Amino acid sequence: MILYITVAAVTVLLAGLVCNQPVTQPYRITRQQMCNRICLLAIFLILFALSACRLNVGNDYAKYVEFMHLINCDSYVPTEIGFNLLVKLIYGLSGYENYLLVFAAYAFVTVLVFLLAIYEQSDEFPLSFFLFMALGYYFQTFSTVRYYLALAIALYSMKFVLRKQWERFLALVLLGSTFHKSLLVVIPLYFLASRRWKKWQLGLAALFCTTFLFLQDFYLKIVVFLYPTYEDTEYLEGGTSYINILRCAAVLIFAGVVLWMQRRQSEINVVEDEDRQVRSDLEDDRFRFYFYLNLGALVLYVCCSFLPIISRIGYYLTVSQILFLPMLLQQIPDKKWRRLFRVGVILAAVLYFMMYLSRADNDGVLILPYQSFFFHDMVNILSDVN
């Protein structure tokens, strides 16, 4: 636990030196740009090394080693073609079952894509990176490595949705789905979140959401059709997270408060040009997109708790919070309220981080104790026992 706290503290301090909107000068690199490059490289190397050097850390590490062994033996595995081809390639080049290199490759790409997404899209890189660490997104990459690579791709793809570059968005999502097919759900979800919904349309959407309460068996059959391996397993038991519900509700309330403060400030200000309509920066496509993502996540957590591992779908929506919260804080017109809300967001994230680490050795997380291949040996997998 001390190692994780130290890594989080050091990388957050380095992130504090990064400005992702630096002033540029033609034909020369400014000090801030050089500082950004050094700090980002240091952050990447620290996070990559911690993830790549781990051994049997994560709730499904041994299961993945088993899958890789079966892939190498040309046996059936319920994993996607991208993962299978990557394992074949690395094992073939290595000449043996080098699962450590496979995990290292996943760590490299996942951390890189997350950092790129935050740097390119956040209004305030230090705060977004802090939330990325404190909300457990980085440490969860130790488990379900395929899914968290897909989650990183989903976060990065948001910029294409906001730019209406649908071809690039679809190409990136389809590529990512070859490593975890659940990523395909972001195609309809992100498209719907990017729409300008009218009140009557929201009413129809709310009416449709009630069908999740009465047609549970029907939706479960659809899930089993898409994921046949879930049939007659514990994955169909469903379940939801009250913490995630609370997080989504708190973010939505905060967004409403900030929007109200913006509109009130606009009413107070004297508009010199009466022909021009003064519009808050929050009343744009980006605000609506992030707001609807979190609203959709709240609906999923409340109405669709019967669906298997609903949190995976929800995370594709709530990961936007690491971009949405800094944006909201930047738009608070009053400096005192801005500082107060910033402190509140930071304290809430620290509390969440403490809660996360307190259960880091529980089943389903298992990122404690940390072990490295430098000092530990891999436990026997199922194929070794049989």
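Located above this text is the structure these notes cover.
Residues numbered from 1 in each chain as written. Predicted model: local features only at pLDDT ≥ 70, side-chain atom pairs only at ≥ 80, totals over all residues. Heavy atoms only, no water.

Caption draft 1: Quick look at the nonpolar core. Among the nonpolar cores identified, the biggest contains 119 residues, and Phe132, Phe139, Tyr190 and Ile322 are the most heavily contacted of them. Ranked by the residues each element gives to this core, the list is headed by helix H8 (residues 145–162), at 14 residues. Every residue in contact with Phe132, bar those within four places of it in the chain, is listed here: Leu47, Phe114, Ile118, Tyr137, Tyr138 and Ile322. (Core = buried A, V, L, I, M, F, W, Y, C linked by side-chain atoms within 4.5 Å. Buried < 20%, exposed > 50% of the residue type's maximum accessible area, 1.4 Å probe, protein only. Helix = DSSP H or I, 4+ residues; strand = E, 2+ residues; numbered from the N terminus. Contact = heavy atoms within 4.5 Å.)

Caption draft 2: How the structure looks around the state of the cysteines. Across all of its chains, the model carries 0 disulfides by this definition. Left without a disulfide partner, Cys248 is nearest to the cysteine sulfur of Cys303, which lies 12 Å away. Sulfur of Cys304: no disulfide; nearest cysteine sulfur belongs to Cys303 and is 5.9 Å away. A relative accessible area of 0% places Cys304 in the buried class. (Disulfide = S-S within 2.5 Å.)

Caption draft 3: View of unusual backbone geometry. Note that the residue after Leu368, namely Pro369, is joined by a cis bond; omega there is -5°. Structurally, Pro369 can be placed in the loop between helix H18 (335–358) and helix H19 (382–385). With a phi angle near 40°, Thr144 is a residue other than glycine that sits in the positive phi range. A positive phi is found at Lys164, a non-glycine position, where the angle reads about 60°. Mapped onto the elements, Lys164 comes out in the loop between H8 and helix H9 (166–177).

Caption draft 4: Here's a closer look at helix H14 (residues 242–268). The end-to-end C-alpha distance of H14 is 39 Å, a good match for the 39 Å that 27 residues give at a rise of 1.5 Å each. By the burial criterion, the buried members of H14 are Asn244, Ile245, Arg247, Cys248, Val251, Leu252, Phe254, Ala255, Val258, Leu259, Met261 and Gln262. Buried residues along H14 sit in contact with helix H7 (137–140), helix H15 (285–303), helix H16 (310–318), helix H17 (321–330) and H18. (Expected span 1.5 Å × (residues − 1).)

Caption draft 5: Focus on the pattern of salt bridges. Under the counting rule described, the total for this entry stands at 8 salt bridges. For Glu80, the salt bridge goes to Arg146, with nearest N and O atoms at 2.7 Å. Residue Glu80 is found in the loop between helix H3 (61–72) and helix H4 (81–94), and its partner Arg146 is found in helix H8; the two are separated by 66 residues along the sequence. Of the charged contacts in the structure, one is a salt bridge between Asp123 and Arg286, with a shortest N-O distance of 2.9 Å. Of this pair, Asp123 sits in the loop between helix H5 (99–121) and helix H6 (125–134) while Arg286 sits in helix H15, placing them 163 residues apart in sequence. Judged by its relative accessible area of 23%, Arg286 is partly exposed. Here the residues in one salt-bridge network are Lys164, Arg196, Asp285 and Arg288, joined through shared partners. (Salt bridge = Lys/Arg side-chain N within 4 Å of Asp/Glu carboxyl O.)

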